[in-house]
Amino acid sequence: MGFSKFGKTPFEAVLYSLPKGYTNTFLSESLEVNQNIVLEVEVRNYKNLKVAHILCFAPKFECEIELLIFHPKPYHKSIFKPDSVLIVSGKLQKNAGFYTLLQPKVLKNTGEIVLNFGFKGMKEKSARDFANGITLGFLQEFYPKVPLWVLESLVKIYHPNEKFVQDFAKNHSFFGKFLKFTNICVFCAQKNVIF
C-alpha cells in the first residue's frame, strides 16, 4: 500500500489524509426536507433571471421539483436542457407545498459514497486510492497493540455507510467514537508519538 506519499508511517499517512467530507451518490428513498438528496429528474423548463429556475419532474416520487441555481453561468443552460434526464444532488427545501433543490450538482456516477479530501486532480485521486487500500487487516498488521475500536473507527472513516455520512453531515464533522479517534490522532501528532 502506497502510504509514503502521505506520511512516514501508515498511521501518519492516515492522520494527514482524513477525508474533509463525503458525497453520497445513492438515489434517495424519500424526500427529506433540509437534507442533501440524490434524485433522477426530467427537465421540463429552464428560466434564467438572476437565479436559474429549472422546473423538473421526479418520476420516483411523482412530483414536480424546482432546481435553483444562484449565480448561474452560461453553461448551466446547456446542462439543464428541456427533456433531458439527469441525476442531481442538492439540499431539499419545501415552500408552500412545493419542493425546491438548492444549488444542484449533476452526478455522473451513482451508487457509491465518494470521499472528498480537498485536493485537486491527481492528488485527490491518489488520496482516494490510498483510502481504498485501508483495511482492518492491514492496520492490525502494522499496529497489533492499538485497540481494536480505534482501528475499526479508522476503517469506518475511510469506508463509510450511508448512516455514517448522514451523521457526519448533521454534525458537520466527525462525531462520537470517530471524533474521539481523531482527537487521539491530533494529540499523538502534537506530542510526536510515533506508532
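Above this text you will find the structure in question.
A brief structural summary. Within each chain, residues carry numbers counting from 1 in the order of the written sequence. A pLDDT threshold of at least 70 governs which residues receive local features in this predicted model, and a stricter bar of 80 or more applies before side-chain atom pairs are shown or counted, although totals over entire chains, interfaces and linings include all residues. The side-chain figures draw on all heavy atoms in the structure; neither hydrogens nor water molecules are used.

**With respect to a nonpolar patch on the surface**
A surface patch of nonpolar side chains, about 250 Å² in accessible area, is lined by Tyr-75, Ile-79 and Val-106. We count a stretch as a helix when DSSP gives it H or I for four or more residues in a row; a strand needs E for two or more, and each element gets its number in order from the N terminus. Within the secondary structure, Tyr-75 is located in helix α2 (residues 74-79). Only residues whose relative accessible area exceeds 30% and that take part in no salt bridge are eligible for patches, with like-charged residues grouped when within 9 Å of each other and nonpolar side chains (Val, Leu, Ile, Met, Phe, Trp, Tyr) grouped when within 5 Å. Working definition of accessibility: Shrake-Rupley area with a 1.4 Å probe, residue cover restricted to the visible protein chains. Salt bridges are defined as contacts in which a side-chain nitrogen from Lys or Arg sits within 4 Å of a carboxyl oxygen from Asp or Glu.

**Observations concerning helix α6 (residues 162-171)**
Each residue is assigned to one of three classes by its accessible area relative to the maximum for its type, calculated with a 1.4 Å probe on protein chains only: buried under 20%, partly exposed between the two thresholds, exposed over 50%. Buried within α6 we find Phe-164, Val-165, Asp-167 and Phe-168. Looking straight down α6, one finds its buried side chains confined to an arc of 165 degrees; they lie on one side. Note that the arc is computed from the directions linking the helix axis to the C-beta atoms.

**Some remarks on the packing of aromatic side chains**
Pairing of aromatic side chains here covers Phe, Tyr and the six-membered ring of Trp, requires ring centres within 6.5 Å, and sorts the geometry by plane angle: under 30 degrees stacked, over 60 edge-to-face, intermediate tilted. Scanning the entire structure with this criterion turns up 5 aromatic pairs. Ring geometry for Tyr-22 and Phe-164: centres 5.5 Å apart, planes at 90 degrees, overall edge-to-face. Remark: Phe-164 occurs in helix α6 and Tyr-22 occurs in strand β1 (residues 21-24); sequence separation between them is 142 residues. Relative accessible area serves as the criterion here: at 12%, Tyr-22 is assigned to the buried category. The class for Phe-164 is buried, based on a relative accessible area of 3%.

**Some thoughts on the nonpolar core**
Membership of the largest hydrophobic core comes to 27 residues, with the highest contact counts inside it found for Tyr-22, Ile-134, Leu-139, Ile-157 and Tyr-158. Residue assignment for this core shows that the elements contributing at least two residues are α1 (10-16), β7 (113-116), α3 (121-132), α4 (136-142), α5 (148-158) and α6. By residue number, the principal contributor to this core is α5, which donates 6 residues. Among buried residues, the Ala, Val, Leu, Ile, Met, Phe, Trp, Tyr and Cys ones that are joined through side-chain atoms within 4.5 Å form a nonpolar core. Residues Ile-37, Ile-54, Val-88 and Tyr-99 belong to the second largest nonpolar core, which totals 20 residues.

**Let's talk about the pattern of salt bridges**
Taken as a whole, this structure holds 5 salt bridges when the rule is applied. With a shortest N-O distance of 3.3 Å, Glu-29 and Lys-60 are connected by a salt bridge. Here Lys-60 lies in the loop between β3 (51-58) and β4 (63-70) and Glu-29 lies in the loop between β1 and β2 (36-48), a separation of 31 residues in the sequence. Overall, Glu-29 belongs to the exposed group, its relative accessible area being 66%. The class of Lys-60 is partly exposed, set by a relative accessible area of 48%.

Purely geometric stuff here, so don't read any function into it on its own.
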